[in-house]
Amino acid sequence: MSELQYPILTKINEIRRMDRRSFLGFFQSCLIAPAVLEQVGQEGNDRKYWRNLRKHYPIAASRMMNLNNGSVGTVCLPVEEKWFENIKKMNRQAPYEFEKHVGQRFVEKSLQSISKMIDCDQECLVLNRNATEGLTNIIEGVKLKKGSNVVAASFDYPYSINALKHKCKRERLEFRSLDITLPMSDDEILNAYSTKIDEKTSFVLITAVTHREGALLPVKKLVNLCKENGAYSCVDAAQLIGQFSHSVKHYDCDFYAASLHKWVSAPIGTGIMYVKKEKLKDVRGVFASYEKDENSYVKYKHLGTRNFASEASVYSALLWHDAIGTDRKLKRLQYLQKYWQEKLDESGPFKILENEHANGLAALYSDGQSVVQLKKHLARNNIHTKVVKQLSNNRNLLRISPNVYHNEKDLDKFVDAIKDYKLK
Ligand SMILES: Cc1ncc(COP(=O)(O)O)c(C=O)c1O
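Computed from a predicted structure; not experimentally measured.

Peer 1: Where do I start with the environment of Glu108 in this structure?
Peer 2: For Glu108, the position within the fold is in helix α6 (residues 95-117). When the C-alpha atoms of Glu108 and Leu144 are compared, they prove to be 31 Å apart, with 36 residues separating the residues in sequence.

Structure below.
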């Protein structure tokens, strides 16, 4: 038995003793036979399946309700156990020995698994700490033509916009901001981008799922638009990975970065970066690599001393994620969203922001009431959400992002708390 499998199998045995029939399918599927799962729990509202799953998320038993999984999620118990075990192991030996003998092996297994999940070449992937790190490395490292322009939208992640603005200032490139308010149809989005992208555009940031609205952008079509104009396409997949099944090969984008601690529920501080093989020479390594590594992905991998135990635990999270499956996760997230949205009184002051492609992220807004005050009221009830500002219209949104282990009772509590809010 591999050292990875041990804690999860221990858990399986424990669970089998508790309630053999109901848990068997789920846990077997974790490691052994995903096909077993296909008969059960395919829908987002299969109560028995999700009730069993919930038992394995420590946060579900806490008083705090995290409705901010869009920032960062928490791991399930078997992954938590593996993670803690790795921390202990690392701390009880020379940590670089742990990195050499355990860390590297599991990083390779994780990259193999992620390359299958997002359909790309394994060798083009680098495991790092988060999407911010990946996107900043790409933006800092990419060699852009003198006198060219770069395009980003006001709904992109602000720190990636900042990285682009810094680069433009330093390298005297033109920064073009696309200022539109979501939601919009795919055609409208595409038209808006085409007013900004031209033959002098060298780089376009494409956020696959926006962090404020949870809007799914037409990535493939936007990548094609970049190609037609000879610009690099860089996909921010921080909110996409783990929620929507997708293929990097199909997108055919040049660059891609994501966090694994959001919707894949891997340990906090884990992410990935992808650079298309043909574009390797176009993106220098920002970290201090050796000259001899200039033509290899090693130039992106020298990240210094970091949390090797977290990196080594990503593989357990990927196994867990695969056992549930991205499509089933999405169905669950859509079911939960629909559930609370139907319970919310639409005639009340807080309105739901429309979203054609529902997922784990949704937002509320109000014309007369402050969502900042609503957030504080919810926090006093131990319900944690996030306020985000749509820059194009200066409007605050209250972002609501539950996770698969939440249940109807949690969401009733959330909706009741909104109904109890004393209007100001
Ligand atoms: C679209 C998007 N990009 C990038 C990030 C940055 O993610 P991280 O803080 O994990 O680096 C976020 C975080 O919420 C995001 O939503």
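Peer 1: Just to check I follow, could you spell out helix α14 (residues 371-380) for this structure?
Peer 2: Within the sequence span of α14, burial applies to Val371, Leu374 and Leu378. Taken down its axis, α14 places every buried residue within 50° of arc, on the same side. Of the exposed residues in α14, the ones pointing more than 90 degrees away from its buried face are Val372, Lys376 and Arg380. If you follow the buried residues of α14, they end up packed against β10 (362-365), β11 (383-384), β12 (386-390), β13 (395-400) and α15 (408-420). At the C-terminal side of α14, Asn382 shows a positive phi close to 65°.

Peer 1: Looking at this structure, how should I read the sheet that holds β10?
Peer 2: Strands pair in a sheet through their backbones, by hydrogen bonds, and they do so in one of two ways: parallel or antiparallel. Read from one edge of the open sheet, four strands run β9-β10-β13-β12, paired in antiparallel fashion. Only two strands of the sheet have a single partner each, and these edge strands are β9 (351-352) and β12. Note: β10 against β13, three bridges, orientation antiparallel. Paired with Ala362 across the strands is Ile400, a residue of β13. Along the sheet, α14 makes contact with β10, β12 and β13, crossing β13 at roughly 30°.

Peer 1: Hey, could you run me through the sheet that holds strand β6 (residues 232-236) in this one?
Peer 2: Here we have seven strands laid out as an open sheet, ordered β2-β8-β7-β6-β5-β3-β4, and mixed in their pairing. Looking at strand neighbours, the two that pair on one side only are β2 (125-128) and β4 (174-178), the edges of this open sheet. Across the sheet, the axes of successive neighbouring strands diverge by a mean angle of 15°, strand direction being ignored. The pairing of β6 with strand β7 (residues 255-259) spans three bridges and is classified as parallel. Within the sheet, the bridge partner assigned to Val235 lies in β7 and is Tyr256.

Peer 1: What is the right way to look at the packing of α6 against helix α12 (residues 308-324) in this model?
Peer 2: For any two helices packed against each other, one specifies the crossing angle of their axes together with the interaxial distance. Following both chains from N to C, one finds α6 and α12 inclined at 35°, their axes separated by 8 Å at the closest point. Crossing hand, α6 versus α12: left-handed. Of α12, the residues touching α6 (which contributes Pro95, Phe98, Glu99, Val102, Gly103, Phe106, Val107, Lys109, Ser110, Ser113 and Ile114) are Phe308, Glu311, Ala312, Val314, Tyr315 and Leu318. The residue makeup of the contact of α6 with α12, split by class, is eleven nonpolar, three polar and three charged.

Peer 1: Help me understand the packing of helix α13 (residues 326-343) against α15 in this model?
Peer 2: Two elements in contact, α13 and α15, have axes separated by 10 Å at closest approach and are oriented at 35°. By crossing handedness, the relation of α13 to α15 is classed as right-handed. When α13 is examined against α15, the residues Leu336, Tyr339, Trp340 and Lys343 are found in contact with a partner set consisting of Glu408, Leu411, Asp412, Phe414 and Val415. Its residues placed into classes, the contact of α13 with α15 shows six nonpolar, no polar and three charged.

Peer 1: What exactly am I supposed to notice about unusual backbone geometry here?
Peer 2: That bond from Leu182 to Pro183 is cis: its omega, 10°, falls within 30 degrees of zero. The topology assignment puts Pro183 in the loop between β4 and α9 (186-196). With a phi close to 60°, Ser265 is a non-glycine residue in the positive phi region. Looking at the secondary structure, you find Ser265 in the loop between β7 and β8 (271-275). Assessed through the 25 C-beta atoms surrounding it within 10 Å, Ser265 is described here as buried. A positive phi is found at Asn382, a non-glycine position, where the angle reads about 65°. Turning to its location among the elements, Asn382 is positioned in the loop between α14 and β11.

Peer 1: Mind showing me how you'd approach the pairing of β8 here?
Peer 2: Moving residue by residue along a regular strand, the side chains alternate between the two faces of the sheet. Within β8, five of the five residues are buried, which leaves it mostly tucked inside the rest of the structure. Alternating residues of β8 divide into Gly271, Met273 and Val275 and Ile272 and Tyr274, and every residue in both groups is buried. Taken together, the five bridges between β7 and β8 define a ladder with antiparallel strand orientation. Its bridge partner lying in β8, Tyr256 is registered against Tyr274.

Reading the values: rules and limits
Residues numbered from 1 in each chain as written. Predicted model: local features only at pLDDT ≥ 70, side-chain atom pairs only at ≥ 80, totals over all residues. Helix = DSSP H or I, 4+ residues; strand = E, 2+ residues; numbered from the N terminus. Buried ≥ 20, exposed ≤ 12 C-beta atoms within 10 Å, placed from the backbone. Arc of directions from axis to C-beta. Contact = placed C-beta atoms within 7 Å. Pairing = 2+ DSSP bridges. Axes fitted to C-alpha atoms, helices over the stretch in contact; angles between N-to-C directions. Left-handed = near helix turned anticlockwise from the far one by under 90°. Nonpolar A, V, L, I, M, F, W, Y, C, P; charged D, E, K, R; others polar.

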